[in-house]
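Descriptive structure summary
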Amino acid sequence: MTNTGVVERGSTGGAKNSVAISLDLTGMTCASCANRIEKKLNKVDGVQATVNYATEKARVQAPKGTTAQDLIAVVEAAGYGARETTVEPREERADVLLPRVQLAFTLAVPVIAVSMVPALQFPGWQWLALLLTTIVVFWCGRSFHRAALANVRHGATTMDTLVSLGTSVAWLWSVVAMFFGHAGAIGMTHEFTLTLGHADPMGSVYFEAAAGVVAFLLLGRWIEARSKREAGSAVRALLEVGAKEATILRDGAEVAIPAGELSLNDLIVVRPGEKVAADGVVVEGSSAVDAAVITGESLPVEVGPGSAVVGGSVNTTGRLVVKATAVGSATQVAQIARLVEEAQTGKARAQRLADRITEFFVPAVLVLSMLTFMVQLLVGAGPTFALTAGMAVLIIACPCALGLATPSALLVGTGRGAELGVIIRGAQALEKARSVQAVVLDKTGTLTTGRMSVLEVAPAEGVDEAELLAVAAAVEAGSEHPIARAVVERAGDAPAAERFEALPGIGARALLDGVPVAVGSRRLLAEQGIEVPGEASREGSEVFVVRDGALLGRIVVGDQLKPGAAEAVAGLRDLGLRPVLLTGDSWVVAREVASQVGIEDVHAEVLPQGKAEVITGLQADGMRVAMVGDGVNDAAALATSDLGIAMGAGTDAAMAASDLTLMRDDLMGVVDAIRLSRATERTIRGNLLWAFFYNVAAIPVAALGLLTPMIAGAAMACSSVFVVLNSLRLRNFR
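Residues numbered from 1 in each chain as written. Predicted model: local features only at pLDDT ≥ 70, side-chain atom pairs only at ≥ 80, totals over all residues. Heavy atoms only, no water.

1. Section: the overall build of the protein
If you tally the helices and strands in the protein, you get 25 helices and 26 strands. Going through the 734 residues of the protein one by one, you find that 55% of them count as buried. Contacts in the protein between residues far apart in sequence, at least 24 positions, make up 69% of those at least 6 positions apart. By element, 57% of the accessible surface of the protein is carried by carbon and sulfur atoms, the whole surface being about 30200 Å². (Helix = DSSP H or I, 4+ residues; strand = E, 2+ residues; numbered from the N terminus. Buried < 20%, exposed > 50% of the residue type's maximum accessible area, 1.4 Å probe, protein only. Contact = heavy atoms within 4.5 Å. Areas by Shrake-Rupley, 256 points an atom, 1.4 Å probe, with all protein chains shown as cover.)

Set out below in structure tokens:
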């Protein structure tokens, strides 16, 4: 069986000699199983593996040349099943469990009723209870016993060991009492209480405990499986949004093909109401495209020739012809799904602590159960009381809730983030977001729209406006910077320049008709020994144009604040965070923008490498820093910060260096991302606190004989369900 997913393979994380392989796992029944598989995989030389019980996946980074079959063999040797992750639909575990849950309750309810109510105990009732309980324990509950035996063969114990041992002992003791004692006598009756009594050990049966425990635990696992499926719905939705078919142009004719057969540069015809089958660029037509699946924005975006569109988005009005620039697993939807799955498979530090605890917990519970049995005998409680108290300890101590605490919350939180256009890269990002104290904001493309226009053209004496714009545009045509695009757009047709060279943080230079020309900031003039004129413009960014060492003039390019930028900064302050403006633009423009949005801490005229140094300086002052940016020149700062947040409209380099990516071009997404991260982290900690408290408090209660095994089983199942339902509350995050 396989989970819906994507094959993860290739060089990862800069490890040139490694491959990443994703496996779907089967046979896991509790968090201890996940820990066991993870330990086995990590014992292989050069392998780093993370196994997630909630998603039933293993993410493995292995030496180059390692195949999925090599890793599958390791998993199978540990007693479990595995397959390399594919995009095939998976048979859902909840659907497999449901018939067993229904049968278990159909048979267990009469057993519990007749055992608890003396008035229902007809002559020979215990023999019917034996038949029904045998089916429940050894047929409906066979997965517990199969998993326990598999682990015993490998010298391991899991929570299935506790369940299998507890229910088997209850069944076996009852059978012995019926065949070798007088519990099998026709006409035998006994009372039932929620706490243990001191009945005759050979005159009592415990079929209701064995049947009830199996039924309640199966119900808990079915609810858990249903909840995990709901929690993972965001990733499945992402993987299912793509078009199944595409219409392409071949030799002037329209041909329908499966979307999986699309190739780069194919021309795709998208009619109103159809989905765009691949990422691409519009080459013909205009329309409004609904890209909510990627950006989280509800309003369609107007597109025309030259506009980028995302695979899976819906064309609402006009006919479009789109040139495919990314297909299959290279599309943004597939990449986002992969990022979300990676996040859901990761582990927080708190979960790793829980994993270490569960590793020793099961053996400790077995010892406690034996001690409970022996101590109860020594104090004169009798063998029946001692045995059932020991069984109750075995059953109620199962730390399933502990194993689900983190992955269930992470599953829901990251999935909800994906629905809202916030991509969270794993549990570590959540932990970082919780402790962030300062948020450093880039200006262009982050606080401002990044869609600049020319506000002023000031040619030097003897130079006309058209000449100044033409020379500037010739150089800027080689740059993708928003300022450069504004100059080129204003100039219109421009001569072609040669040997273009970007000067990060300063400008650019090239050769025009064999003459060196340069375009850039005041720093560019200073480096070329040219006198810097007057005061800097307060209206926008200045672009100075130099030809053969002579200043031709100045162009002022202005940007506009993004709608809601000031509100977003206020939202950061409301979260107790310190906003900081960091830009390569002039001090004059930076202070003007800062005053409009309400930022007091400003760093301007900072080169790309200097941005990382500013981040380091804040960290040296004892602050945990988040950086928000969208350009190549922000990548180093994003990587240096404690929490990197990339605007989704930015570059691939910025997104690759970030911990959180905002797929909608809205600064309020930063506030939402941090709030969602904090909410998910709070849920994780609340789940862990509950799980620890439950196990610590419940074991002494059971050891003292204050719980029957059946009630213990119901309580243990309810604890796991509580954790998953608590995590599902994150689906309501707004």
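That shown, we press on.
2. Here's the deal with the UniProt feature "transmembrane region" (unreviewed entry) in the protein
Mapped onto this numbering, the UniProt entry annotates "transmembrane region" (unreviewed entry) at residues 97-118, 124-141, 162-185, 205-223, 360-379, 385-406, 687-704 and 710-728. Split by type, residues 97-118 is 91% helix and 0% strand. Its first and last C-alpha atoms lie 32 Å apart. Secondary structure within residues 687-704 divides into 94% helix and 0% strand; the distance between the first and last C-alpha atoms comes to 26 Å. (UniProt positions renumbered as here; feature names shortened; annotations may be inferred.)

3. Side note on the nonpolar core
Counting residues in each nonpolar core, the largest one holds 48 residues, and the members touching the most others are Val439, Leu441, Leu447, Ile645 and Leu667. When residues in this core are grouped by element, the largest group, eight residues, is from helix H24 (residues 668-703). Ala108, Leu132, Trp171 and Tyr206 belong to the second-largest nonpolar core, a separate cluster that totals 37 residues. (Core = buried A, V, L, I, M, F, W, Y, C linked by side-chain atoms within 4.5 Å.)

4. Some words on the pairing of strand E19 (residues 515-520)
Bridge count between strand E18 (residues 507-512) and E19: six bridges; the pairing is antiparallel. Considered in E19, the bridge of glycine 507 is made with glycine 520. Inspection of the sheet shows E19 paired to strand E20 (residues 541-547) by four bridges, in the antiparallel sense. Following the sheet pairing, alanine 518 is matched in E20 by valine 546. (Pairing = 2+ DSSP bridges.)

5. As for the packing of aromatic side chains
Counted by the stated rule, this structure contains four aromatic pairs. Ring centres of tryptophan 690 and phenylalanine 693 lie 6.4 Å apart, and the angle between their planes is 40 degrees; this geometry places the pair in the tilted category. With tryptophan 690 and phenylalanine 693 both in helix H24, this residue pair falls three residues apart, about one helical turn. For the ring pair tryptophan 690 and phenylalanine 722, a centre distance of 4.8 Å and an interplane angle of 50 degrees mean the geometry is tilted. Pair noted here: tryptophan 690 is in helix H24 and phenylalanine 722 is in helix H25 (residues 709-728), with a separation of 32 residues, a long-range link. You can call phenylalanine 722 partly exposed: its relative accessible area is 40%. Grouped by ring-pair contacts, the aromatic residues Trp690, Phe693 and Phe722 constitute a single cluster. The ring of tryptophan 139 carries the charged tip of arginine 142 above its face, separated from the ring centre by 4.1 Å. (Phe/Tyr/Trp six-rings, centres within 6.5 Å; stacked < 30°, edge-to-face > 60°. Lys NZ or Arg CZ within 6 Å of the ring centre and 35° of its normal.)

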